[in-house]
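The lines below spell out each chain.
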Amino acid sequence: MELPEHLSIDFFNSLSSDTLTLSQEAANRISTNRAYLDNVLKDGKTHYGINTGFGSLCNVRIDEVELSLLQENLVCSHACGMGNEVPVEIVKLMLLLKVHGLSLGYSGVREEVVSRLAAFYSKGIYPVVHELGSLGASGDLAPLAHMCLPLLGKGMVYYKGTKMPALSALEQEGLEPIKLAAKEGLALLNGTQFMSSHLVHSLVVAKRLIEWADVIGALSADAFMAKDEPFRDPIHRVRPHKGQRDTGANMLRILSGSEIQRLHKQQVQDPYSFRCIPQVHGASKDVWDTVARVVETEINSVTDNPIVFHDEEAIVSGGNFHGQTLALHADFLAMGMAELANISERRTYLLVSGQRGLPPFLAPNAGLNSGFMIAQYTAAAIVSQNKQFCTPASVDSIVSSNGQEDHVSMGANAVTKLRQVVANVQRVLAIELLTAAQALEFRRPEKTSPLLEELLSNFRKDVSFMANDEVLGEKMQQAETFLNKHPE
């Protein structure tokens, strides 16, 4: 697979290839840029990170014979990650995004370094990276250092399903460690690929869950005998936020043909968790769109430092590695997604509350059976945890590097907790799906829409109706797994 010139979130949504190669155009860009840097190094001038120390050591000039050792020392000294290991699927995204960023041809690296990272992706050599250590400002220094240690034959990797020293994996693939040249260690470590990869992953998963939220909300609406009037277009035409209007139309599409919607409803209005689905789900969709635009810009950008402008004959030191925009938008997406879980839990509560002809806790023999009582407890606990995770990381900053790096984004913390929020949203939606499917059985012989009846049929292949109390947690986990599919 050759990467397209422009990466989109949709590209990652359909990413299936396990191979990665550089296009000839990318190889040419990299080589042209490196040739310019090699020529510049002959001028004897001082260039940050190329022939100087790093951070607050930027004024320490390094002898030419030690430039390679300088870059290797940088990678080793910055591999300071701790905590949980980053999941392999995100490490793969880090590799892909780093290859793409370096391939833009402004980082001063050699083609063989970029090709080796692509080879790691293709050969299934996945560096062990830890979640904690990045301030999200000088790039994601610690996690990217761990990702790049295997280039030197150092660090640990996962290879063929086994965790092993990187050197062992290289030997099995017939690869020699690479000796870094001037600037290369800095180019590898400066960059926002840890933050970006988490955001890409969260956006892909969030998109699927946003789709599920409408479908599950519609199923709950019929199970609760809620009206479809709040979904009709005139309401949204006079307050035409895109997400709101799209959600109203989508809810009507999902409920189209429902026998339950044709039944007479006694209530004048439904609770907000049903009536305001377009306004709440729609707002989360608008947040997703905003964050996706920012992330697409980021992953198609040069984010290391200094930047080598061969086309302008300049080497410029700046701050493209600062993750402030990613930190803010990661916090924003976390809040947007958490609201889908908040409103979902409220619908679950109403379905088990014994209202509108439904038995208490959806138990056929309530009292002897507790039914779905504690499933709602679990949803409430998860929703509460998400509220804690939604405390923004982006408002914090701690001075580092002897004051040289005096404002940081904390974007790495923002994206790791975002991933937990998104995972929790799937769990809460799974509980609502399980609950709504149970509740709808008490509406028989009336049917919901053909689309939802087909969904229920597929769901029942994996998760059975609960006639009497059983280990409900197992059904909840089955429902969570079911949501790994797309709803339609």
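Everything in this summary refers to the structure shown in the same document. Not measured: the values here are computed from a predicted model.

1. Let's talk about the overall build of the chain
When helices and strands are tallied, the chain shows 19 helices and 7 strands. Considering only C-alpha atoms, the chain reaches an extent of 85 × 50 × 40 Å along its principal axes. Total accessible area on the chain is roughly 20100 Å²; 52% of this is exposed by carbon and sulfur atoms. Taken as two groups, the 43 positive and 55 negative side-chain charges of the chain have centres that lie 6 Å from each other.

2. A few points about helix α5 (residues 111–123)
Given 3.6 residues per turn, any residue in an α-helix points the same way as the ones three and four places further on. The end-to-end C-alpha distance of α5, which contains 13 residues, comes to 18 Å, matching closely the 18 Å that a straight helix rising 1.5 Å per residue would cover. Listed in full, the buried residues belonging to α5 are Val 113, Val 114, Arg 116, Leu 117, Ala 118, Ala 119, Phe 120 and Tyr 121. Of the surrounding secondary structure, the elements contacted by the buried residues of α5 are α2 (24–40), α4 (88–103), β2 (125–127), α7 (166–172) and α8 (184–189).

3. Some words on the environment of Lys 285
Note that Lys 285 resides in helix α14 (residues 277–299). For Lys 285, a relative accessible area of 14% corresponds to the buried category. C-alpha separation for the pair Lys 285 and Gln 244, spaced 41 residues apart in sequence, amounts to 8.3 Å. The residues touching Lys 285, leaving out its near neighbours within four places in the chain, are Ile 210, Asp 214, Gly 243 and Thr 247. A distance of 2.5 Å separates the side chain of Lys 285 from the side chain of Asp 214, its partner in a polar contact.

4. Some details on the sheet that holds strand β4 (residues 156–159)
Reading across from one edge, β2-β4-β5 is the order of the 3 strands in this open sheet, with antiparallel pairing throughout. Edge positions in the open sheet fall to β2 and β5 (162–165), since each of these has one partner strand only. Shown here is a sheet whose adjacent strand axes are inclined to one another by a mean of 35°, direction ignored. As defined by bridge partners, β2 adjoins β4 across 3 bridges and the pair is classed as antiparallel. Counted as the bridge partner of Pro 127 is Val 157 from β4.

5. A closer look at the side chain of Thr 192
Within the fold, Thr 192 resides in the loop between α8 and α9 (193–223). If sequence neighbours within four positions are ignored, Thr 192 has contacts with Asp 140, Glu 298, Thr 303, Asn 320, Phe 321 and Leu 326.

6. Re unusual backbone geometry
The linkage connecting Asn 305 with the following residue, Pro 306, adopts the cis geometry, with an omega of -10°. Position of Pro 306 relative to the elements: it lies in the loop between α14 and β6 (307–309). You will see that Lys 183, though not glycine, has its phi angle at about 80°, which is positive. Mapping Lys 183 onto the fold places it in the loop between α7 and α8. Even without being a glycine, Glu 313 presents a positive backbone phi close to 50°. Mapped onto the elements of the fold, Glu 313 is located in the loop between β6 and β7 (314–316).

The rules behind each value
Residues numbered from 1 in each chain as written. Predicted model: local features only at pLDDT ≥ 70, side-chain atom pairs only at ≥ 80, totals over all residues. Heavy atoms only, no water. Helix = DSSP H or I, 4+ residues; strand = E, 2+ residues; numbered from the N terminus. Areas by Shrake-Rupley, 256 points an atom, 1.4 Å probe, with all protein chains shown as cover. Lys, Arg positive; Asp, Glu negative; His and termini not counted. Charge placed at Lys NZ, Arg CZ, Asp CG, Glu CD. Expected span 1.5 Å × (residues − 1). Buried < 20%, exposed > 50% of the residue type's maximum accessible area, 1.4 Å probe, protein only. Contact = heavy atoms within 4.5 Å. Polar contact = N/O pair within 3.5 Å; in protein donor to acceptor, adjacent residues only side chain to side chain. Pairing = 2+ DSSP bridges. Axes fitted to C-alpha atoms, helices over the stretch in contact; angles between N-to-C directions.

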